[in-house]
Amino acid sequence: MFTAHGGDQRLVERLLAFSGALGAARTPQEIADATVTSGADALGACTASFFRMEDGELVLVAQHGLDPRIVESWRRYSVDLATPVGVAYRERSPQFAETRDDVIARFPAVTDTAPDGGLAAFPLVVRDEVRGVVAYRFAGPHAFSEHERSLLSALAAQAAQALDRASAHERLGILVELSDALSKTVSVADVARVVLERGTEMTRADTCTLYAFDDATRVLELVGERGVSAEIVERIRYIRSA
């Protein structure tokens, strides 16, 4: 619980409104949208952006107030670049820069698109996994007091928890759909199809294999696969149990 002091009272009230917006969001995309829109309003930021990791790259999934040219330039880029979002992701720690010169000195990859003022970038971490990174830019120099940094970190933690909640809700929905689909299967082929389709969706796996075990021969036989090359399929079609 944070205690407001003087001008911090208004900030706390805006953060409470942000918490309400997160509570109303149900999907990861809705949470990303609330984090940039309500978050920017709560912090008095002029722009906000929300990135997720996909195939080693940071992908912009939500933004508020960004110039279209910046959106196009930074829609997708390597996590290894020296950007506030990239560093926040790699180091799993908040990044603060109070002036444009500070931004350019610490994050040279954004020299051409650096804001005129300060910025803050936060990794959204749940159980040691970075679920996303949110960044806020300010119109002018912005000195982050220790108290404000604590409040901003609490905001990021709320967004991370909301993402975790939404992911759990999505997984539950997939399990319900899987159970319903399996109840309608009538053959091994049907079961394989359902498990492979729903399983890869639920786990976001690139490949998936399904085996049937023959008690008589003690052999595992591949009955379905997804994303596996034909060459590998031939090599793993049968696996003899010890």
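Rules used throughout
Residues numbered from 1 in each chain as written. Predicted model: local features only at pLDDT ≥ 70, side-chain atom pairs only at ≥ 80, totals over all residues. Heavy atoms only, no water. Pairing = 2+ DSSP bridges. Helix = DSSP H or I, 4+ residues; strand = E, 2+ residues; numbered from the N terminus. Axes fitted to C-alpha atoms, helices over the stretch in contact; angles between N-to-C directions. Contact = heavy atoms within 4.5 Å. Core = buried A, V, L, I, M, F, W, Y, C linked by side-chain atoms within 4.5 Å. Buried < 20%, exposed > 50% of the residue type's maximum accessible area, 1.4 Å probe, protein only.

1. Thoughts on the sheet that holds strand β5 (residues 119-126)
Think of a sheet as strands paired side by side through backbone hydrogen bonds, with each pair either parallel or antiparallel.
So, point 1. Judged by pairing direction, the sheet is antiparallel, and its 6 strands sit side by side in the order β3-β2-β1-β6-β5-β4 without closing on themselves. Edge strands, defined here as strands with exactly one partner in the open sheet, are β3 (76-78) and β4 (95-97). Averaged over all neighbouring strand pairs, the angle between strand axes comes to 25°, with direction disregarded.
So, point 2. Helix-sheet contacts for helix α2 (residues 28-43) involve β1 (47-54), β2 (57-64) and β6 (129-137), and the interaxial angle to β2 is about 60°.

2. Notes on the sheet that holds strand β7 (residues 208-214)
So, point 1. What the 3 strands build is an open sheet, ordered β7-β8-β9; its pairing is antiparallel. A single partner strand is all that each edge strand has here, and the edge strands are β7 and β9 (238-240). On average, each strand axis in the sheet is tilted by 30° relative to the strand beside it, whichever way the strands run.
So, point 2. Looking at chain direction, strand β8 (residues 219-226) and β9 are connected through 3 bridges and run antiparallel. The residue of β9 that forms the bridge with L220 is I239.

3. Thoughts on the nonpolar core
So, point 1. Core analysis: the biggest nonpolar cluster contains 32 residues, and L22, L43, F50, F122, L124 and Y136 have the highest contact counts within it.
So, point 2. Elements that contribute at least two residues to this core include exactly α1 (8-24), α2, β1, β5, β6 and α6 (146-182).
So, point 3. Among the elements that make up this core, the one with the highest residue count is α6 (8 residues).
So, point 4. Formed by 22 residues, the second largest nonpolar core is a distinct cluster that contains L58, Y77, V87 and A97.

4. Remarks on the environment of V219
So, point 1. Looking at where V219 falls in the secondary structure, it is placed in strand β8.
So, point 2. Taking C-alpha positions, V219 is 6.7 Å from Y238, a pair spaced 19 residues apart along the chain.
So, point 3. Excluding its chain neighbours within four sequence positions, the residues that come into contact with V219 are A212, F213, D214, Y238, I239 and R240.

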